[in-house]
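If you want the building blocks of each chain, they are given just below.
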Amino acid sequence: MRDADRSGALARLAAFDRVPLVGGPTPVEDMLRLRAELGPGPRLLVKRDDAIPFAFGGNKTRKLEFVVAEARGAGADTLITVGGVQSNHARATAATAARLGMRCHLIINGVPPDHPRANALLDALLGATIEYIPSRNERAAAMQSASDRLRREGRTPYVVPLGASTPLGSLGFARAVGELLAQIEPPDVIVHAASSAGTHAGLVAGSALHGARTKVIGVSADDPAAEVEAHARQIIAGIYESLGAPPDTGADVHIDDTFVGDGYGIASPASQEAQRLAARTEAIFVDQTYTAKALAALIAYDRAGRFADNKAVLFWHTGGQVGLFA
């Protein structure tokens, strides 16, 4: 991509309407004690999106800044979205609605808990209306039905897709790359948890737009790598289109699905070890569904010698620590 194309796209990104939820830049810290525990190897850093002050933070907040700006501009008074019982995205969406004086309707696949805890408890405290459905397969139909019903009732709903993982939402992470590069030199590698592909797409596109030669590795929490990669490429194409940048048909997309273990939200021995190491060496908490598995991947790569000692490897902590209390 030509420098002129990049600079034009970055100027348009800076001008995009967004609702400020993240606050200031999240910290970047050296993980010195984890490095010492693992032995000689590359510099290990962490980008602390778990430390975003708003509503327990996490990566969804960055995406919602852009998505909710569009919803507000369209005159919406109700946000509708989907997720599992312990969805971080559902909690972040409900919190955003509360902050903006909007209503929130959550479509939750799963069984209503007898005693709501963690994200399910927060959803209720935030005043969201919760509709339970049996399975993921019914999400799209349930969202459309809820939207139609609310319109008949005279409301103006706005549907937020799963994870806010759209080209618009992913602008939040294209922008976040600029935040990171104002803090440190471009890392050689970024490792993060991946699921609905929006965070990954934003980091890949943002690195390219800023001219950073950073390899971004998304560690899948559930779906096969090919599916996440395909979705990420679609979102990346949409990001470039929205910013008026030429398409990048050769976007460098890397998804690793070998750390899913027995399934979504099910701890593995590697993720449990990563949880313990992060807590005991750095007082950083990673959740069993997403971030522990991504950190487990980084640790495994390190032990296998995939990173040279003179490299810098950054773990982008995407939050989710509320899930520890489920």
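Higher on the page you've got the structure.
Computed from a predicted model, the values in this text were never measured in an experiment. (Residues numbered from 1 in each chain as written. Predicted model: local features only at pLDDT ≥ 70, side-chain atom pairs only at ≥ 80, totals over all residues. Heavy atoms only, no water.)

Over the atoms rolls a probe the size of a water molecule, and in doing so it shows where empty space is left. Size it by volume and the largest pocket reaches roughly 540 Å³. Lining the largest pocket we find 29 residues, and of these Arg136, Ser195, Asp222, Tyr264 and Tyr290 sit closest to its centre. Those elements that place two or more of their residues in the lining of the largest pocket are β3 (78–84), α4 (88–100) and α9 (225–242). Broken down by element, the lining of the largest pocket gets its largest block of residues, three residues, from α9. Partitioned by chemical class, the residues of the lining of the largest pocket number six nonpolar, 16 polar and seven charged. The computed volume of the second largest pocket comes to approximately 300 Å³. (1 Å grid on protein atoms, 1.4 Å probe; cavity = no way out; pocket = protein on both sides within 12 Å on 5 of 7 lines; lining within 4 Å. Points joined across faces, edges and corners; volume = space filled by probe spheres on them. Helix = DSSP H or I, 4+ residues; strand = E, 2+ residues; numbered from the N terminus. Nonpolar A, V, L, I, M, F, W, Y, C, P; charged D, E, K, R; others polar.)

What the rule picks out here adds up to two cavities of 30 Å³ or more. Its volume calculated, the largest cavity comes out at about 160 Å³. What lines the largest cavity is a set of 22 residues, among which Asn59, Lys60, Ala193, Tyr290 and Thr318 lie closest to the centre. Counting only elements with at least two residues in the lining of the largest cavity, the list comes to α3 (59–73), α4, β7 (189–194) and α8 (198–209). Within the lining of the largest cavity, the residues separate by chemical class into five nonpolar, 14 polar and three charged. Empty space within the second largest cavity amounts to approximately 30 Å³. Along the walls of the second largest cavity sit Val85, Ile108, Ala120, Asp123, Ile130 and Tyr132, which together make up its complete lining.

Our next topic: the packing of aromatic side chains. The geometry of two aromatic rings is summed up by the distance between their centres and the angle between their planes. Using the criterion set out here, one finds five aromatic pairs in the structure. Pairing phenylalanine 16 with phenylalanine 66 gives two aromatic rings, centres 6.4 Å apart and planes at 55 degrees, and the pair type is tilted. Residue phenylalanine 16 is located in the loop between α1 (3–15) and β1 (28–30), and its partner phenylalanine 66 is located in helix α3; the two are separated by 50 residues in the primary sequence. We classify phenylalanine 16 as partly exposed; its relative accessible area is 27%. Judged by its relative accessible area of 1%, phenylalanine 66 is buried. (Phe/Tyr/Trp six-rings, centres within 6.5 Å; stacked < 30°, edge-to-face > 60°. Buried < 20%, exposed > 50% of the residue type's maximum accessible area, 1.4 Å probe, protein only.)

A few words on the environment of alanine 164. With respect to the helices and strands, the residue alanine 164 is situated in the loop between β6 (157–159) and α7 (167–181). Overall, alanine 164 belongs to the buried group, its relative accessible area being 0%. Sequence-wise, alanine 164 and isoleucine 52 are 112 residues apart; in three dimensions their C-alpha atoms are separated by 17 Å.

To continue, consider the pairing of β7. Where burial is concerned, most of β7 is hidden: six out of the six residues are buried. Relative to strand β8 (residues 215–220), β7 runs parallel, the two sharing six bridges. Looking at the pairing, valine 189 lines up with lysine 215 of β8. Considered for its hand, the β-α-β crossover made up of β7, α8 and β8 is right-handed. As paired elements, β7 and strand β10 (residues 312–317) share four bridges and run parallel to each other. Bridging across to β10, histidine 192 finds its partner in tryptophan 316. (Pairing = 2+ DSSP bridges. Right-handed = clockwise from strand over helix to strand, strands pointing away.)

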